[in-house]
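Here's the letter readout for the chains.
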Amino acid sequence: MDITLTDSNVQVSNHIPDDIIFSILSKLSLKSLKRFECVCKPWSLLFDSPSFMTMYRNYFLSKDHSFYDDMSLLLHLKGENALYSLSGERFENMVKLDWPKLSLRDRRNNYFFDVLGPISFSGTLFLQYHYIGDDRKFIAWKPTTTEFKIIYAESYRNSNVWSDQYQVGYDHVKDDYKMIRRTHYFPTSNHGISSFWEIFSLNNNSWRKIHDSFPDSYICGEEVYVDGVSHWWEKTKTYTYLESFDFSKESFITTLMPSYTDDVFVFNSIKWTRKRILTVLNGSVAFIVNFEETNTFHISILGELGVKESWIKLFIVGPLSCLKTPIGIGKKGNILIRKKDNKLACFDISTGTIDEIGVTTKSHGKILFYNKRFLSNGGIYSKFSSCFHHSEAI
């Protein structure tokens, strides 16, 4: 018997099952998801739902992000003045790299290298080379070929003016590599120290002032770099916040910290019981708060720059009885940690497993991302050849 469907015998349900809604929403970016909280009350409570949060975490860790395309990892142990290449899904292959071989004049005691920024450009890392009591030099270095160039030397002949917080970034709009620094000075009109930010354009080969620095603030911890924007912690006497610089727009963005972290940002204390680490988790700006007394750590990610409410605590890890401190995060949520016996290990946040990688250290370490891709014709290394004074003998 044939049945003809008409408006009178067809019923359409307006109800969509929660599991389908959760599945769709879990695939949205955090920025979009936070904005959709105003659609209805159930959506405003999504982050309080254990089932939704499990679904969201699993998808967040499993999705591929372009940030990691052609990317390998490096580990810089500052206290040992050492740099390692990390490979393998769980950091199981670790090889020590040799720093640039400087001239005899510079192979002296009491010198150290520091890596400028947490990422390479076109296979080139930027280093600060500093010998105690001498000028500071900046080096463009290609670890894969051992080539390097001295690209900039700063002299401190005026003790009333000095600079710090150098960072390098790429302006994808103008195809220009840029460096920023914060310069401090003692003003003649009043007491105290004043500061301002300057920027160097490789295309223009010159420095210029772009912004007065915030009074009575200082930078603490390491910075991270994602999609042309550098991020770091700034701290005043009363509070801490995330400061970001967009190299294309040449603008600063301030993001206040979520209220649930107000009591854990303790700096310059004799004993660190709670420590925060700025990092990148699957392409998102994130921070880890380490609680040594409970052997746990929390991971929060940021949905939108400048929006305090877009922070979300995504993971609570532990207790891990062997944990000393997290160091940084690699691909797919693999976290490099230092155990209480000072051995380095990989913690898989998806499975909860811990694998040692055969290195022991007491040094503070940071994860670096090394990318061999060329962002422009010839890459940054060839550009520096024509714009900067360079020499293999300083």
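Everything that follows concerns the structure shown earlier in this document.
Owing to the predicted nature of the structure, the values given are computational and were not obtained by experimental measurement.

Re helix 1 (residues 18-25)
Moving on, step 1. Those residues of helix 1 lying buried are I21, F22 and L25. In an axial view of helix 1, the angular spread of the buried residues amounts to 100°, which keeps them on one side of the axis. Away from its buried face by more than 90 degrees, helix 1 exposes D19 and I24.
Moving on, step 2. Check the buried side of helix 1 and you find it contacts helix 2 (30-35), helix 3 (41-44) and helix 4 (50-62).

Side note on the environment of L127
Moving on, step 1. Among the structural elements, L127 can be located in strand 5 (residues 125-131).
Moving on, step 2. We classify L127 as buried; its relative accessible area is 0%.
Moving on, step 3. A sequence separation of 14 residues divides L127 from F113, and the C-alpha atoms of the two residues are 6.4 Å apart.
Moving on, step 4. Setting aside chain neighbours within four positions, we find L127 in contact with W99, P100, F113, D114, V115, L116, K137, F138, I139 and W141.

Some remarks on the sheet that holds strand 24 (residues 365-371)
Moving on, step 1. If you trace the four strands from one edge of the open sheet to the other, you get 3-2-1-24, paired in antiparallel fashion. Whereas interior strands pair on both sides, the edge strands pair on one side only; in this sheet they are strand 3 (93-97) and strand 24. Sheet twist, expressed as the average angle between the axes of neighbouring strands with direction ignored, equals 30°.
Moving on, step 2. Examined bridge by bridge, strand 1 (residues 71-77) and strand 24 share seven bridges and lie antiparallel to one another.

A word on the pattern of salt bridges
Moving on, step 1. Evaluation of the coordinates by the stated rule reveals eight salt bridges.
Moving on, step 2. One salt bridge connects K178 with D171, and the closest N-O pair in it is separated by 2.8 Å.
Moving on, step 3. Across the pair R208 and E250 runs a salt bridge whose closest N-O atoms are separated by 2.6 Å. Pair noted here: R208 is in strand 11 (residues 206-212) and E250 is in the loop between strand 14 (240-246) and strand 15 (251-256), with a separation of 42 residues, a long-range link.
Moving on, step 4. Given a relative accessible area of 38%, R208 falls into the partly exposed group.
Moving on, step 5. A cluster of three or more residues bridged by salt bridges with shared partners is formed by D171, K178, R208 and E250.

Description of the packing of helix 1 against helix 4
Moving on, step 1. Helix 4 packs onto helix 1 with a crossing angle of 40° between their chain directions and a minimal axis gap of 9 Å. Our pair here, helix 1 against helix 4, has a crossing hand that is right-handed. Between helix 1, through F22, S23 and L25, and helix 4, the contact on the second element is made entirely by S51, F52 and M55.
Moving on, step 2. Tallied by class, residues from the contact of helix 1 with helix 4 come to four nonpolar, two polar and no charged.

Thoughts on the nonpolar core
Here is a general trend for soluble globular proteins: nonpolar side chains tend to be buried in one another's company.
Moving on, step 1. Grouped together as the largest cluster of nonpolar side chains are 56 residues, with contacts concentrated most on L75, L86, M94, F121, L336, L344 and F369.
Moving on, step 2. Here the element with the most residues in this core is strand 12 (residues 218-226); it accounts for five residues.
Moving on, step 3. In contact with L344, other than residues within four places in its own chain, are L75, M94, I327, L336, I337, R338, E356, I357, G358, V359 and T361.
Moving on, step 4. In terms of nonpolar packing, the next biggest core, distinct from the first, is built from 31 residues, L33, L46, L320 and I335 among them.

Basis of the calculations
Residues numbered from 1 in each chain as written. Predicted model: local features only at pLDDT ≥ 70, side-chain atom pairs only at ≥ 80, totals over all residues. Heavy atoms only, no water. Buried < 20%, exposed > 50% of the residue type's maximum accessible area, 1.4 Å probe, protein only. Helix = DSSP H or I, 4+ residues; strand = E, 2+ residues; numbered from the N terminus. Arc of directions from axis to C-beta. Contact = heavy atoms within 4.5 Å. Pairing = 2+ DSSP bridges. Axes fitted to C-alpha atoms, helices over the stretch in contact; angles between N-to-C directions. Salt bridge = Lys/Arg side-chain N within 4 Å of Asp/Glu carboxyl O. Left-handed = near helix turned anticlockwise from the far one by under 90°. Nonpolar A, V, L, I, M, F, W, Y, C, P; charged D, E, K, R; others polar. Core = buried A, V, L, I, M, F, W, Y, C linked by side-chain atoms within 4.5 Å.

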